[in-house]
Structure formats: C-alpha cells, structure tokens
Amino acid sequence: MTMSKSRNRRTAAVLAIVCLTTALGLPATAQAAGPDGRSTGRCTSGAPGIGDPYYPNYGNGGYQVRKYDLDVTYDPATDVLDGVAGIKASATKSLCSFNLDLVGMTVRSIEVNGVRARWSRTEHELTVIPKSPIERGKFEVKVRYDGVPHEFVLQLPGFELRTGFMATPDGATVAGQPEVAAGWFPVNDHPLDKAQYSFDVTVPKGYEVAANGFLTGRETRRGWTTYEWDAREPMASYLATIDIGFWDVHKWRTNTGLPVYDAVDSAITGGLRSVIDSSLARQGEVLDVLGGAFGPYPFSTVGAIVDNQDDLFFALETQTRPVYSKLFWLDADGNPVNGDSVVVHELAHQWFGDKIALARWQDIWLNEGFATYAEWLWAEHEGQATPQEMFRATYDAIPADDPFWDVVIGDPTVEFLFDDPVYVRGAMTLQALRNEVGDHDFWRIVRRWAAQRDGHGTTSEFIALAERISGQQLDKFFDVWLFTGEKPASPDAAASASRAAAASTDDKASDDKASDFARQWLANTSERLKRGRR
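The next thing to look at is the packing of aromatic side chains. Scanning the model with the defined rule gives 35 aromatic pairs in all. When the ring of tyrosine 324 is compared with that of tryptophan 329, the centres are 5.8 Å apart and the planes differ by 70°; the resulting orientation is edge-to-face. The structure contains a cluster of three or more aromatic residues connected by ring pairs, namely Phe294, Tyr297, Phe299, Trp351, Phe352, Trp365, Phe370, Trp449, Phe462, Phe477 and Phe478. Across the ring face of tyrosine 395, the terminal group of lysine 487 is positioned such that the distance to the ring centre comes to 4.2 Å.

Taken in spatial order, the four strands line up as β20-β21-β22-β24 in an open sheet, and their pairing is mixed. Here the strands that pair on one side only, and so sit at the sheet edges, are β20 (247-253) and β24 (323-325). Neighbour-to-neighbour, the strand axes of the sheet open up by a mean angle of 20°, direction not taken into account. In this structure, strand β21 (residues 259-265) lies alongside strand β22 (residues 302-307), joined through five bridges in parallel fashion. Residue pairing in the sheet places valine 264 in a bridge with valine 306 of β22. Helix α2 (residues 283-294) rests against β20, β21 and β22 of the sheet, and its axis sits at about 130° to β22.

The next point concerns the side chain of aspartate 230. Within the secondary structure, aspartate 230 is located in strand β18 (residues 224-235). Of the residues examined, aspartate 230 reaches a relative accessible area of 13% and is grouped as buried. Within polar-contact distance, the side chain of aspartate 230 engages the side chain of arginine 232 at 2.6 Å. Excluding residues within four positions of it along the chain, aspartate 230 makes contact with Tyr197, Ser198, Asn212, Gly213, Phe214 and Thr216.

Rules used throughout
- Residues numbered from 1 in each chain as written.
- Predicted model: local features only at pLDDT ≥ 70, side-chain atom pairs only at ≥ 80, totals over all residues.
- Heavy atoms only, no water.
- Phe/Tyr/Trp six-rings, centres within 6.5 Å; stacked < 30°, edge-to-face > 60°.
- Lys NZ or Arg CZ within 6 Å of the ring centre and 35° of its normal.
- Pairing = 2+ DSSP bridges.
- Helix = DSSP H or I, 4+ residues; strand = E, 2+ residues; numbered from the N terminus.
- Axes fitted to C-alpha atoms, helices over the stretch in contact; angles between N-to-C directions.
- Contact = heavy atoms within 4.5 Å.
- Buried < 20%, exposed > 50% of the residue type's maximum accessible area, 1.4 Å probe, protein only.
- Polar contact = N/O pair within 3.5 Å; in protein donor to acceptor, adjacent residues only side chain to side chain.

Below, the structure is given as structure tokens:
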C-alpha cells in the first residue's frame, strides 16, 4: 500500500454503517448456532473469526474457499449493486453452520449445495445454517444480495482515510486495506484464505470495468455491458478489485512477453497524463530490476488502474493490477512530477504482500518493508543512491528522541499498523540484515522467502529462514530492529568514519550527492505518509 503526498485536506465522505443486529430467515437451532467451535455431537459451528489477534472478527473458521464467482450489476446513478456470489469451498470439519463476512447490503437468499439455507446477521457476520450439516470436503454456496456497497474508514494517526467500495462521480473505485471485500460481497475476509476469482460485472453501456487478471469477455445487451474478468491465481480478498469508469486502455507486452493491461481515467490529460504514462511505460523495466533481486515475477499478467478520483489518497497492490491515486504524480503545488517510485513500490508488493501474503496483520512490516526497500533498489538502478546510502542517511536524519523510533514494527498495534516506521524502519531492518549476514546470504534469504510455496509468512518464519541460511543466531538482531521501541545503536559508525577519512574528494562529492538524494527521499516519504497510505 502506498500513501499519497498530496497536501489536500481529507474529506470525511463516509457512508453510515448498517450496524443493527438482525435475524433473517428462521432462528438457528441449538445444534447449528452453538458457540465458536462447540461440538454438537454430529457437527460443529464454524468459527466467526480466523484467529487474527488484531482483527478477531475477520475471516472465518471451519472451511477454506477455493473460488469466488461474483456476478454483480452496478448502477453508478444510484450506487446500488445487485449481486450473486457463488462460493466454492472445502469444509475442514463437519459443519452445522458457518460464517461469512459481510457488512451492510441486504441478503435475499442463500443456497448451500443447491438447497435453501437459513441465516442470521450481525454487523460483520453472516451466519449460514444449511438444512443438513456439511460434511468434510467440498461444498458450494450461492448468496443473492443487493444494496449500496459499504465504505470503510481507515483510522490513521492524525486523520482518517476513505477506503472500500468508493462511489466516484464517474463510477467506482474498489480498494482498501485491511477492509474492503466484506463491503461488497460475502467473503472469508482474511489473507490466510486465498482463492481464485471470476468477476462478471454489468454496468450501463458506455462505462468500462478494469479488474484483476484477464479480460475474457464483453457483451452489450439492452443498454448494459457485462465485462468478464478471470483471476485464476489465488489472491487475498482485500486484493480483489472491480473499478468502474471511463478508461483509456493500453494493452501491451513487456520485453519478456508479459501481458500488460493499463487503464487510466480518460479525464486525466495534459502534463499529468504524460508523467503517468511515462511511469507506466517503465513497468517492464521495473519488473526486470525487481525480478533480478527477488526472483521471477509471480503472476501471468500485470498493469495499472489510475482513476481521476480527487479523494483517493493511497495506492494499493491489488493483485496483477495495482490501483493508484493520480496524486502520486503531482507535487504539493499541483505540478506534474515523476512518480516512478510508487510504481516500484506497488509492483514489489506483487511478491511481498500478494504472492507471499500475511498470515496475521501484525506482520505488515514484511509487506511494507520489502516494498520500501524496493524503492531503494530502484534508486540504485537509477544511479541516485545505494541501499546502504539510503539506510545511512535515513538513520542519521531521525534523532533518537523522535517518536518514529517508539513504534515496535514487529507488533505495531492496530493504531500504528500503517504508520511511517512500518515502511521506513521496515526497509532499514532489511538493509541492517544485509549488513549483518552479508550480500550472499541476504539475497539467498530474500529469494527463498519470495519462492516459498505455501503463500503466507510470519515474522518468526522469516527469522527462522534467515538463521537457517546464514548459520547465525539472530534473535538479538531482530529484537533490536523489530521489537524494541528505541533507536538502534549505529550498526556501522566505525566503518563509516573510517571510509570517510580515506575517501577522495570525488568520492566525498558522490557520497554527498547520494546523501542529499536519500534525505530528500525520506522527506518525500514522510510527507506521503502524512497524507495517505501506499
């Protein structure tokens, strides 16, 4: 996720939460509605949460989803969405009932394996009670629902951020973290449960839809157009997006043959459009640089969605097709500027965040630290500064008494989940690890982490991998960088002083230039992190 550097003030623009507890259909039997995990002899009720300590109601227990088939009709004139969600799942035990996450919307009917089911609602939970218990193994659910999709508010230190299914003057933007999916379809809403997706999105003729994966079909009938998108590579629910508007679409291939689908709002023109197009044209080059560092790009397509939304203050790594705020290509005075770094950041998330998703939200530094470190690798590619120079200038620029160092990024709490240190100290931790174990072992650690097959990771697993590959005991190192709320002791002060004393005039001039760039990067990053998220 990337924060915008816009100086514009935030607007509240948040829909009221539908939070009345209601019951739809007949009440559950005692057998079907037992407490979390309670056995009734023949079956159990699925848990209403997946077990994340930060977000206990997110996700659900007792099953895993294999695929979502979402067939939705959205009318921008009324902001009403009519949906049919087909869910193919596998029960991990015999279930009398199970939960889906759904906020707002009105449920009209539910079928489990083709048979009508009962259900009950709370603010966040949709509890489904099938007519007969679900046996362990595959089952299918169909939910018919409608209403105005729900927006969320991401509370950040000092301000609020509009996220979710956001109506815009010319359609809708669908993006948010950690909340977005449950506001527009019933879902097992946690990164632990990745699934495939297909989207059939019907909109008034003239509107267009950009989403994850590949556009596989488009058909217009009676004034409405249906866009069919297929995302076969499993993804976390918050990464699913359907963006509705008037797009200038550019389909092309990188020099390695990777299909690219870019959708930029047709209302973005002039100098702003030029700098956006320039950055997007470098996606192939960015992937070459990142692939050289992290290993092969993990998906079968790539691209971008850039809306002309004035109150979108972040970018998000929506899988294969990140959503970007146009504000990343404008300076504080509204003048067009280079925005390559945000493209680097979001494309790095395709490895770290998308392919390797979080197993729990408190480990968000593994996403944001790597994506920020990718910006440092890009700066080196551009001849601006090395990651070590970026690290050193950042370390020197932030005094020990700055609140920046108070945040424990390995367990930042919900309040500071997307705060500055998670990004910047996260990247610093990686460079400090590189200094600790050496280049050879560091890149072996990074590539092995990116190549793991289970698609999820925790901080403890990353630490174990680093120790196994390096042969070093690194508990003290990671405790200092991830779990201590103070500025670490300088890891290379003596070496830096020695290098400075021996450096030639030309070397010092080069070092000064790199330091100046690194300090400007930090200032720009801090400004972005005050204004939004990325």
